Amino acid sequence: MFSKILIANRGEIAVRIIKTCRRMGIKTVQVYSEADAGSLAVEMADEAVLIGPAPAAQSYLLADKIVEAVRQTGAQAVHPGFGFLSENAGFARRLRDEGIAFIGPNPEAIEAMGDKISSKKLAAEAGVSTVPGHMGLIETPDEAVKIANQIGYPIMIKASAGGGGKGIRVAHSDADMAEGFAAVKAEALNAFGDDRVFLEKFIIDPRHIEIQVLGDKHGHVVHLFERECSIQRRNQKVIEEAPSPLLDDATRAAMGAQAVALAQAVNYDSAGTVEFVAGQDKSFYFLEMNTRLQVEHPVTELITGVDLVEQMIRSAWGEKLAFEQKDLKINGWAIESRIYAEDPYRGFLPSIGRLVRYEQPEEGEQDGYVVRNDSGVREGDEISMFYDPMIAKLCAWGETREDAVTGMARALEDIHLSGLGHNVPFLAAVMDQDRFKSGELSTSYIKDEFPDGFHGLRPTVEQERILIASALAMHEVIAEQDGDPSDRTDWIVMIDKTPHGVGLSYDEDEEMILTLTGGGDIRLSDIDWRPGLAQFKAELDGEAFTAEVKRVADGFDIRHRAARARVRVLRPHVAELYARLPAKAVADTSKLVLSPMPGLVVSIPVVVGQEVKTGETVAIIEAMKMQNILKAERDGVVKAVGAKDGDPVAADDVLVEFG
């Protein structure tokens, strides 16, 4: 077995690989950019080598730097993780030529499957169902429009070398196609150094289901069942689960057999994923094959008990698979939520910065579920604009899907992040939705369920009780600490501007009994909170919960899952005065185009004095390797332009002002 492996990646996947290597007794070398010098992966690895400045193109994407680090440290193999050089056939071939093991598939398999155009042709030859489309290269927007009309809208525009949700657009018209084609080519060239684009028919109301395959260098290939990855935003997976609630045994077997056939056709010899688009009728078509470890691999590990990183290492060493297809079984259900530094209340825009607070849920077996949290950052670390803004992959396993959903919702409660925006409230909202619980999923789920964006959810009756009980309990703790305990038994608890009458008493065990006007009694016990803590933990009528809390001048800001409110504990006559306060006026920004995120200005194609019509592009901002096109929301004349091409901008910087 290898004695030392170099990890050519960063963040949580680097940490994930180090954990398996430690268990296997293998030493690790972590390469890092200047931005990652103080990272958790660097701290955990046995050795670390600086390979360049923060931009990936000057560090993690430089094969010469990786090979030099291998030679310098005496590593025998390279694990590329996902992204960066993980699907670069030239890199894999370079390592092979230099006598360095690549912990991934052979370069010929990467080459065959890495190009989405040629991979679809190979899939069809291997008997795999494929989506109708145009697999030839397309050079101009006019040519793309002509081909799209032959196939029929809607059309998916995809970068041939794409991945990670980048370089993808859906066009519903000729105008969409012309603009989207140019945008995809630009994103593809920037992110992958390859601007080739192809088109395929977009399946209406589709589901994204993928099959995990695993092969060795002796011709053996198995599949480890499927993952459902239909909850996506901008073609980036957000929530994944295994198995899929759509599939029956027959469909699962058919998809698995096709995935294995494709892998065998290219002599696949590592972990890989065959992705399918599936109809609600269980029809399925090949999308692409990812010749690497997937971000969502933990859910497969949780339902099969197979460590995929270990199997990749063993395969690269030349070992035969230690199991056959008949030995693999599905055990329980697992869900993964990708926790990102992005602000769901601002259209999920990147929210980079320092992670001031980071409290993670307890891992391992809990009350009816198991928690796993793959993270590559710690409290105090900075989420950089140069890389993907992922903070963690939070996973929950249960014996049934219902158990896994319940476990995920509770695990999300137990995470606390501050210092930047994050999508935890949004993830919690999905877990609480009846549609998600039913398993009726599609790739348009987020657009369907949140058509106007995410603005949080109104508290349910049960959540109102949590907000009331938490606020009253904290009020009592603070009063006791201040030496000014009140003997009042009647209070008005205001959730935003809605008053709730509450009677307070204690039983013989000093547990709080709250009598709600018109709502009966509730019992609050096992309170775990003191002033300064950001999480309030307790049991409400025997059910454990965690709320995120912040003390403010006249009460508390409290969030439970996706419900957030200002909560005040008031004497009845004071509550009457609060009810009369006028609403605060909102500043008028209707004439301003603001930068929605920190990033770089790609272009501002308008000038002072120019007349602009609704829908015209007024700015393009690049962040996290994605181009964001900002369009005018009204007709107007440009009064001022606040930035120029190439300028760095912060969130809410004024880009264009209309007169």
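### Comments concerning the overall build of the chain
Tallying secondary structure elements over the chain gives 17 helices and 40 strands in all. Computed over the C-alpha atoms, the radius of gyration of the chain is 27 Å, within 12% of the 26 Å expected from 2.2 N^0.38 for a compact globule of 659 residues. By principal-axis analysis of the C-alpha atoms, the chain measures approximately 80 × 65 × 50 Å. Of all 659 residues assigned to the chain, the portion counted as buried reaches 56%.

### Topic: empty space enclosed by the protein
The full count for this structure, using the stated rule, is one cavity of 30 Å³ or more. Forming the walls of the largest cavity are N9, R10, G11, Q30, V31, Y32, D36, S39, A41, V42 and Y60. At three residues, strand 2 (residues 27–33) tops the list of elements feeding residues into the lining of the largest cavity. Its residues assigned to classes, the lining of the largest cavity shows five nonpolar, four polar and two charged.

### Digging into the environment of F2
Mapped onto the fold, F2 is located in the segment before strand 1 (4–7). Sequence separation between F2 and I138 is 136 residues, and the spatial gap between their C-alpha atoms is 44 Å. In contact with F2, not counting residues within four places along its chain, are I26, Q76, A77, A101, I313, A316 and W317.

### A short note on helix 7 (residues 141–151)
For helix 7, the full list of buried residues reads A144, V145, I147 and A148. Phi turns positive, to about 100°, at G152, one or two residues after helix 7.

### As for the pattern of salt bridges
Overall, the coordinates contain 56 salt bridges when judged by the stated rule. With a closest N to O distance of 2.9 Å, E87 and R292 form a salt bridge. With E87 in the loop between strand 4 (77–79) and helix 4 (89–97) and R292 in the loop between strand 14 (284–290) and helix 10 (297–304), this pair connects stretches of sequence that are 205 residues apart. Among the residues examined, R292 registers a relative accessible area of 10% and is labelled buried. A salt bridge links D554 to R566, with the nearest nitrogen and oxygen atoms 3.2 Å apart. Residue D554 is located in the loop between strand 30 (543–552) and strand 31 (555–560), and its partner R566 is located in strand 32 (residues 563–570); the two are separated by twelve residues in the primary sequence. For D554, a relative accessible area of 26% puts it in the partly exposed group. The class for R566 is partly exposed, based on a relative accessible area of 26%.

### Observations concerning the packing of aromatic side chains
For the structure shown, the criterion picks out twelve aromatic pairs. Between the aromatic rings of Y345 and F454, the centroid separation amounts to 5.3 Å while the plane-to-plane angle is 45°, which identifies the pairing as tilted. Of the two residues, Y345 sits in the loop between strand 16 (342–343) and strand 17 (349–350) while F454 sits in the loop between helix 15 (445–449) and helix 16 (461–481), which places them 109 residues apart along the sequence. An angle of 55° between the planes, with centres 6.4 Å apart, marks the rings of F386 and Y387 as tilted. Overall, Y387 belongs to the buried group, its relative accessible area being 5%. Site record: aromatic cluster; members linked through ring pairs are Y345, F348, F426, F450 and F454. Taking the ring centre of F436 as reference, the NZ or CZ of R401 above it sits at 4.8 Å.

### So, the sheet that holds strand 3 (residues 47–52)
Paired through their backbone hydrogen bonds, the strands of a sheet run either parallel or antiparallel. Within the open sheet, the five strands sit side by side as 3-2-1-4-5. Their pairing is parallel. Across the chains shown, the open sheet's two edge strands, defined by having one partner strand only, are strand 3 and strand 5 (101–102). As defined by bridge partners, strand 2 adjoins strand 3 across five bridges and the pair is classed as parallel. When the sheet's bridge partners are listed, V31 is paired in strand 3 with V49.

### Comments concerning the pairing of strand 30
Looking at chain direction, strand 29 (residues 535–540) and strand 30 are connected through six bridges and run antiparallel. Opposite L540, over in strand 30, you have E543 as the bridge partner. Taking the residues between adjacent antiparallel strands as the criterion, strand 29 and strand 30 are bridged by two residues, where D541 takes a positive phi near 50°. Summarising the sheet, strand 30 and strand 31 pair through five bridges and their orientation is antiparallel. Following the sheet pairing, V552 is matched in strand 31 by G555. Where strand 30 hands over to strand 31, the hairpin turn is made up of two residues, counted between the paired strands.

### Things to note about the nonpolar core
I239, I335, I391, F426, M431 and F436 are the most contacted members of the largest nonpolar core, which has 41 residues in total. Those elements that place two or more of their residues in this core are strand 12 (236–242), strand 15 (333–340), strand 23 (390–398), helix 12 (401–413), helix 13 (424–432) and helix 15. Element by element, the count of residues in this core is highest for helix 13, at seven residues. Filtering out sequence-adjacent residues up to four positions away, M431 remains in contact with I239, I335, S337, V405, M408, A409, L412, F436 and K437. Within the second largest apolar cluster, 37 residues are counted, among which are V295, I313, A316 and M390.

The rules we used
- Residues numbered from 1 in each chain as written.
- Predicted model: local features only at pLDDT ≥ 70, side-chain atom pairs only at ≥ 80, totals over all residues.
- Heavy atoms only, no water.
- Helix = DSSP H or I, 4+ residues; strand = E, 2+ residues; numbered from the N terminus.
- Rg over C-alpha atoms; globule rule 2.2 N^0.38 Å.
- Buried < 20%, exposed > 50% of the residue type's maximum accessible area, 1.4 Å probe, protein only.
- 1 Å grid on protein atoms, 1.4 Å probe; cavity = no way out; pocket = protein on both sides within 12 Å on 5 of 7 lines; lining within 4 Å.
- Points joined across faces, edges and corners; volume = space filled by probe spheres on them.
- Nonpolar A, V, L, I, M, F, W, Y, C, P; charged D, E, K, R; others polar.
- Contact = heavy atoms within 4.5 Å.
- Salt bridge = Lys/Arg side-chain N within 4 Å of Asp/Glu carboxyl O.
- Phe/Tyr/Trp six-rings, centres within 6.5 Å; stacked < 30°, edge-to-face > 60°.
- Lys NZ or Arg CZ within 6 Å of the ring centre and 35° of its normal.
- Pairing = 2+ DSSP bridges.
- Core = buried A, V, L, I, M, F, W, Y, C linked by side-chain atoms within 4.5 Å.

Just distances and angles here, no functional claims.
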